[in-house]
Amino acid sequence: MKSNIAHLVEQALALIPELADAPELSSISKSVERTRDSRHGDFTTNIAMRLAKSVDKNPRELAAQIIEYLPASKFVDKVELAGPGFINFHVASAAFHQEIASILDNGDNYGRQKAKEKPRYLIEFVSANPTGPLHVGHGRHAAYGATLGNLIEAAGYPVDREYYLNDAGRQMDILGVSVWVRMLEQRGERVPFPEAGYKGDYIGEIAASVDNSQLPDVSVDKLCSDLPPDAPAGDKEQFIDALIRKAGELLGEDLFRYVRHEAHTRISADIEDDLKGFGIEFDRWFSEQSLTDEGLISDALQLLKDRGMLYEKDGATWFRATDYGDEKDRVVVRENGKTTYFASDIAYHYGKRKRGYDHLLDVLGSDHHGYVARVRAGLEAMGYAGDCLEVELVQFVSLYRADKKLSMSTRSGSFVTLRQLREEVGNDAARFFYVMRSNDQHLDFDLELAKKHSNDNPVYYIQYAHARVASVFRQLNEKSMKWDKGPGLENLAALAETHEKALMRTLSRYPEIIELAANNRAPQHLVHYLRDLASEFHTYYNAHTFIVDEDELRNARLALIAATRQVIANGLNILGVSAPDSM
RNA sequence: GCGCCCGUAGCUCAGUUGGAUAGAGCACCUGCCUCCUAAGCAGGGGGUCGCAGGUUCGAAUCCUGCCGGGCGCACCA
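Anyway, here's the lowdown on the structure attached to this text. Quick caveat: nothing in here was measured; it's all calculated off a predicted structure. (Residues numbered from 1 in each chain as written. Chains lettered and ligands numbered in written order. Predicted model: local features only at pLDDT ≥ 70, side-chain atom pairs only at ≥ 80, totals over all residues. Heavy atoms only, no water.)

**Observations concerning the overall build of chain A**
Threshold: Each helix is a run of H or I in the DSSP string that is no shorter than four residues. Each strand is a run of E no shorter than two, and both are numbered from the N terminus. Residue contacts follow a heavy-atom distance rule, with two residues in contact if any of their heavy atoms lie within 4.5 Å. His is not counted, nor are the chain ends; Lys and Arg add positive charge and Asp and Glu add negative charge. By convention, the charge on Lys lies at NZ, on Arg at CZ, on Asp at CG and on Glu at CD.
Looking only at helices and strands, chain A has 24 helices and 15 strands in total. Along the first, second and third principal axes, the C-alpha set of chain A runs to 90 × 65 × 40 Å. Contacts spanning at least 24 positions in sequence make up 72% of the contacts within chain A whose residues lie at least 6 apart. Averaging the locations of the 69 positively and 88 negatively charged side chains of chain A gives two centres separated by 2 Å.

**Describing the sheet that holds strand β7 (residues 284–287)**
Threshold: When DSSP finds two or more bridges between two strands, those strands count as paired. Only the stretch in contact is used when fitting a helix axis, every axis being a line fitted to C-alpha atoms; angles between N-to-C directions are given from 0 to 180 degrees.
Spatially, β7-β6-β5-β11-β12 is the arrangement adopted by the five strands of the open sheet, whose pairing is parallel. For this open sheet the edge positions go to β7 and β12 (389–394), each flanked by a neighbour on one side alone. The mean angle between the axes of side-by-side strands here comes to 25°, regardless of whether they run parallel or antiparallel. Where strand β5 (residues 121–124) meets strand β11 (residues 359–365), four bridges bridge the pair, whose relative direction is parallel. Each residue of the ladder has a partner; that of Glu-124, found in β11, is Asp-362. Most of the contacts of helix α11 (residues 253–277) go to β7, to which it runs at about 155°, and overall it touches β6 (159–165) and β7. Against the sheet, helix α14 (residues 341–354) makes contact with β5, β6, β7, β11 and β12, and its axis sits at roughly 160° relative to β6, the strand it touches most.

**Concerning the pairing of β11**
Quick reminder of the rule: Only protein chains enter the accessibility calculation, which uses a 1.4 Å probe; a residue is then buried when its area is under 20% of its type maximum, exposed when over 50%, and partly exposed in between. The handedness rule is simple: strands pointing away from the viewer, and a clockwise path from the first strand over the helix to the second, make the crossover right-handed.
A large share of β11 lies buried, amounting to seven of its seven residues. Pairing of β11 with β12 involves six bridges; the strand directions are parallel. In the sheet register, Gly-365 faces β12, and the bridge partner there is Val-394. For the handedness criterion, the β-α-β arrangement of β11, helix α15 (residues 372–381) and β12 is classed as right-handed.

**Description of the packing of α14 against α15**
Here is the rule: Put simply, angles under 35 degrees are roughly parallel, angles over 145 are roughly antiparallel, angles from 65 to 115 are roughly perpendicular, and the rest are oblique. Each helix crossing is assigned a hand: it is left-handed if the near helix lies turned anticlockwise from the far helix by less than a right angle, otherwise right-handed if that turn is clockwise. Residue classes follow a fixed rule: Ala, Val, Leu, Ile, Met, Phe, Trp, Tyr, Cys and Pro count as nonpolar, while Asp, Glu, Lys and Arg count as charged, and any other residue, Gly among them, counts as polar.
Put simply, α14 and α15 touch, their axes get as near as 9 Å, and they point 55° apart. Considered as vectors, α14 and α15 are oriented oblique to each other. Two packed elements cross with a definite hand, and for α14 against α15 that hand is right-handed. Of the residues in α15, those in contact with Phe-342, Asp-345, Ile-346, His-349, Tyr-350 and Arg-353 of α14 are Arg-374, Val-375, Gly-378 and Leu-379. When the residues that make up the contact of α14 with α15 are grouped by side-chain class, the tally is five nonpolar, two polar and three charged.

**Regarding the pattern of salt bridges**
As a reminder, the rule being used: The salt bridge criterion pairs a side-chain nitrogen of Lys or Arg with a carboxyl oxygen of Asp or Glu, the two atoms within 4 Å.
Applying the stated criterion across every chain, the model contains 29 salt bridges. Notably, a salt bridge pairs Asp-254 with Arg-257, separated by 3.2 Å at the nearest N-O pair. Taken together, the residues span about one helical turn, with Asp-254 and Arg-257 both in helix α11 at a distance of three residues. On the basis of relative accessible area, Arg-257 is assigned to the partly exposed category, the value being 43%. A salt bridge links Glu-390 to Arg-521; the nearest nitrogen and oxygen atoms lie 2.8 Å apart. With Glu-390 in strand β12 and Arg-521 in the loop between α22 (510–519) and α23 (523–543), the pair connects residues that are 131 residues apart, well separated along the chain. On the basis of relative accessibility, which here comes to 9%, the residue Arg-521 falls in the buried class.

**Digging into the packing of helix α13 (residues 296–306) against α14**
In the contact formed by α13 and α14, the axes pass within 8 Å of each other and the chain directions differ by 90°. Of the possible angle classes, the one that applies to α13 and α14 is roughly perpendicular. Of α14, the residues touching α13 (which contributes Leu-296, Ile-297, Asp-299, Ala-300, Leu-303 and Leu-304) are Ala-343, Ser-344, Ile-346, Ala-347, Tyr-350 and Gly-351. Partitioned by chemical class, the residues of the contact of α13 with α14 number nine nonpolar, two polar and one charged.

**Some remarks on the sheet that holds strand β14 (residues 404–405)**
Spatially, the three strands line up as an open sheet ordered β14-β13-β15, and their pairing is mixed. The open sheet is flanked by β14 and β15 (443–446), the only strands paired with a single partner. When strand β13 (residues 397–401) meets β14, the two strands line up antiparallel, connected through two bridges. Looking at β14, one finds that Tyr-400 is bridged to Lys-405. The strands that helix α17 (residues 427–436) touches are β13 and β15; relative to β15, the one it contacts most, it runs at about 155°.

**Some remarks on unusual backbone geometry**
The residue after Lys-118, namely Pro-119, is reached through a cis peptide bond having omega -5°. Position of Pro-119 among the secondary structure elements: in the loop between α5 (93–106) and β5. We note that Val-126 has phi near 65°; this positive angle belongs to a residue other than glycine. Within the secondary structure layout, Val-126 lies in the loop between β5 and α6 (136–154). The class of Val-126 is buried, set by a relative accessible area of 9%. Unusually for a residue other than glycine, Asp-226 sits at a positive phi of about 45°. With respect to the helices and strands, the residue Asp-226 is situated in the loop between α9 (220–224) and α10 (236–251). Given a relative accessible area of 69%, Asp-226 falls into the exposed group.

What follows is the structure, given as structure tokens:
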């Protein structure tokens with residue numbers, strides 16, 4: 001609908017010779033907006049004010065001229081010049097009627113843009129370390145990333161979703177050691193648990209379930225001999241590193257690798273199951289270890305070396321990140337010969353491009369913002385455009401229960417898992433609450449509100465509108481009546497009430513909202529839109545009866561509410577929230 | 001100290017990339033079920049858009065400087 005108006009404006013401007021090379025001409029469609037105030041019509045453009053100075057004309061004069069050249073359209077009732085130079089469009093009812101027909105015809109596909117082949121998106125999100133269950137912060141990443149994927153897909157782009165599994169490196173050693181110590185404990189050894197180890201109960205559960213028939217007996221004395229003191233007396237990091245070396249010696253590398261592998265595969269399986277239960281599935285679980293195994297790290301480093309982007313200093317290999325705007329150069333190979341996490345990241349993003357993705361969209365915690373510049377630097381140094389990497393940062397989540405902030409300390413083991421949250425408030429409320437706020441805004445998640453079955457709770461408010469439409473159609477059946485869609489669509493002109501007009505206008509905005517939310521990576525636009533739509537429906541519901549005796553009016557009203565149900569369902573589907581027929 | 005994000009109604013937040021009189025929800029008041037689900041509707045009060053300058057026809061939005069909050073600044077991941 002909006003693009004029709006923009007097209008009219010475009011045609012008019014083409015007829016004004018002085019405007020031929022005005023620079024603003026490229027942004028005509030951007031200059032056409034919905035009005036905020038219905039007295040100003042349905043659409044407005046400020047193009048005359050934007051162009052006025054480049055052609056040295058009075059904005060109102062120019063606007064008048066544009067209006068004069070506007071081609072006639074059956075979709076526009078009236079065009080007005082207003083204020084300092086706005087051109088306001090009053091859209092004909094026929095255009096809204098056609099939109100209702102389009103909603104019903106397209107069904108679940110209404111609002112989806114036509115498919116494009118490029119750019120190919122790869123969205124990476126969650127990517128939490130497989131060292132424990134997901135907590136409520138990861139839940140926000142999951143909901144946001146999944147919704148973003150749905151939105152961009154609805155905007156017509158091919159999207160793949162990927163989870164980067166950090167299954168390599170020191171933290172896997174720490175995980176393995178944590179499980180091993182619990183296994184020894186379960187054998188009755190009174191071994192001290194390392195301060196830097198993972199303390200959650202799930203470690204004990206893994207320890208109990210891992211095959212321990214090969215596990216050598218290790219006494220406390222043997223374990224603790226020549227170990228440095230643990231915290232608080234000593235350094236917990238030094239202690240656990242020593243303990244990891246001990247594990248290698250006493251357990252043997254093969255057995256230690258086995259324990260580590262068991263631990264992380266069980267945890268990642270649990271994460272996958274948790275996300276699946278949350279309605280989120282990935283196209284790929286990408287193993288960090290595979291980067292080394294398949295030579296991608298050495299390939300990436302070789303490429304950087306060939307391009308002269310690496311140098312040696314203090315026994316380490318450095319990448320010239322400062323050449324590409326990073327604050328400092330970064331180590332890629334440590335003095336001890338091991339590659340850094342950053343090297344993995346460069347290789348991982350290099351691999352993404354090699355696999356054919358044009359646009360790399362990473363959803364990261366806001367605490368990772370510092371690392372964006374260096375990954376981008378890496379891509380640029382390898383010859384890719386820096387803007388092929390986009391990073392959306394997600395701020396932290398605070399849980400509240402009755403005005404009381406819940407402590408989220410991982411150390412104390414008192415953190416709330418995503419699974420607990422889902423069980424308490426349900427998937428629908430969780431998915432909805434997570435994307436209700438802008439991702440760069442801290443989120444206060446109110447557990448009590450999410451559980452409330454009342455109008456306080458926006459998710460139920462929207463779902464209720466959907467259920468109410470379904471209920472109306474059930475009533476129709478009970479009265480042995482039928483909705484005749486064809487006559488309904490033909491008689492939409494019978495819908496003359498202000499509530500009906502408002503509802504039609506709001507419905508017609510849906511495709512624009514999808515585009516807006518997708519382009520801005522801002523699911524909250526869709527959330528707010530759905531709330532507005534539900535509100536207009538509830539108002540209409542209270543003001544008028546749909547199942548009236550008069551056939552034409554009844555069929556038309558039913559067409560309108562059927563379209564409303566469809567749009568609500570489509571929007572909720574993108575958010576990953578169910579659209580129930582009864583509540 | 002340097003960098004990124006955020007300061008909008010009592011509370012939680014939107015604000016269509018610079019538009020017309022700054023909007024919702026909650027909370028607080030007043031009404032509405034003989035009627036398709038009251039998980040609903042109608043109405044009311046509530047603002048120095050952190051502060052100060054600047055850019056222009058026009059600023060919550062863009063620029064600069066302060067103030068306040070969060071996060072980051074590893075040969076950790």
